[in-house]
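Secondary and tertiary structure notes
The primary structure of each chain is shown beneath.
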Amino acid sequence: QVQLVESGGGLVQPGGSLRLSCAASGTIFSINAMGWYRQAPGKQRELVAAITSGDSTNYPDSVKGRFTISRDNAKRKVYLQMNSLKPEETAVYYCNAHIATHEGWYGMDYWGSGTLVTVSS
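Let me begin by describing the structure that accompanies this report. (Residues numbered from 1 in each chain as written. Predicted model: local features only at pLDDT ≥ 70, side-chain atom pairs only at ≥ 80, totals over all residues. Heavy atoms only, no water.)

Let's shift gears to the nonpolar core. Judged by nonpolar contacts, the single largest core of 31 residues is most densely connected at Trp-36, Leu-80, Met-82, Tyr-93 and Ile-99. Sorting the residues of this core by element identifies strand 1 (2–7), strand 3 (18–26), strand 4 (30–39), strand 5 (46–51), strand 7 (67–72), strand 8 (77–82), strand 9 (91–100) and strand 11 (115–119) as the ones contributing at least two each. Considering each element in turn, this core owes the most residues, five residues, to strand 9. If we skip the residues at most four places from it in the chain, Tyr-93 touches Glu-6, Leu-20, Trp-36, Tyr-37, Arg-38, Val-48, Phe-67, Leu-80, Met-82, Gly-114, Thr-115 and Val-117. (Core = buried A, V, L, I, M, F, W, Y, C linked by side-chain atoms within 4.5 Å. Buried < 20%, exposed > 50% of the residue type's maximum accessible area, 1.4 Å probe, protein only. Helix = DSSP H or I, 4+ residues; strand = E, 2+ residues; numbered from the N terminus. Contact = heavy atoms within 4.5 Å.)

Structure, rendered in structure tokens:
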């Protein structure tokens, strides 16, 4: 079994910063792309940041220059540094990873249960 567990969410003032972490555990042969998504109340889940196994990154324009995704392959972790946060970015943030549990298998997407980020004064 594979688990993704997020941490680091909480309450932050507008303009503030937070760093989210996500740890993968379980039977893992390889971790390919990893990413962060968010879902605000009444809205669809959206991509916030993604990083490949080769450390190429991708961000939507809405967070470019403010958010930074990184990973530590040895620790099986992915991070999201969020700066200059806005109230409209209040959402549950989810970790996603494409993981193969054994050699020769392409793998599948796994999701964490989410961590709430509230941006409010």
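Of the volumes computed, that of the largest pocket is approximately 170 Å³. Looking at the largest pocket, it is lined by 13 residues, and the ones nearest its centre are Arg-38, Ala-40, Lys-43, Glu-46 and Glu-88. (1 Å grid on protein atoms, 1.4 Å probe; cavity = no way out; pocket = protein on both sides within 12 Å on 5 of 7 lines; lining within 4 Å. Points joined across faces, edges and corners; volume = space filled by probe spheres on them.)

With that settled, consider the side chain of Ser-21. Assignment of secondary structure puts Ser-21 in strand 3. Beyond its immediate chain neighbours, meaning those up to four positions away, Ser-21 contacts Val-5, Glu-6, Ser-7, Trp-36, Val-78 and Tyr-79.

Counting buried residues along strand 9, nine of its 10 residues qualify, which places the element largely inside the surrounding structure. Two elements, strand 4 and strand 9, share eight bridges in a ladder whose sense is antiparallel. Looking across to strand 9, one finds that Ser-30 is bridged to Ala-100. Both strand 9 and strand 10 (residues 108–111) contribute to a ladder of four bridges, which runs antiparallel. Paired with Ala-97 across the strands is Tyr-110, a residue of strand 10. (Pairing = 2+ DSSP bridges.)

It is worth spelling out the side chain of Arg-38 at this point. Along the chain, Arg-38 falls in strand 4. For Arg-38, the side chain forms a polar contact with the side chain of Glu-89, separated by 3.3 Å. Polar contacts involving the side chain of Arg-38 include one to the side chain of Tyr-93, which spans 3.1 Å. If we ignore the near neighbours within four places in the chain, the residues touching Arg-38 are Gln-44, Arg-45, Glu-46, Val-48, Ser-62, Val-63, Phe-67, Glu-89, Ala-91, Val-92 and Tyr-93. (Polar contact = N/O pair within 3.5 Å; in protein donor to acceptor, adjacent residues only side chain to side chain.)

A word on the state of the cysteines. Chemically, a disulfide is nothing more than a covalent bond linking the sulfur atoms of two cysteines. Per the counting criterion, the structure on display carries one disulfide. Two residues, Cys-22 and Cys-95, share a disulfide whose sulfurs are 2.1 Å apart. Disulfide Cys-22-Cys-95: torsion about the S-S bond near -80°, hence left-handed. Of the two residues, Cys-22 is situated in strand 3 and Cys-95 in strand 9; the sequence distance between them amounts to 73 residues. Classification of Cys-22 by relative accessible area gives buried; the value is 1%. (Disulfide = S-S within 2.5 Å.)

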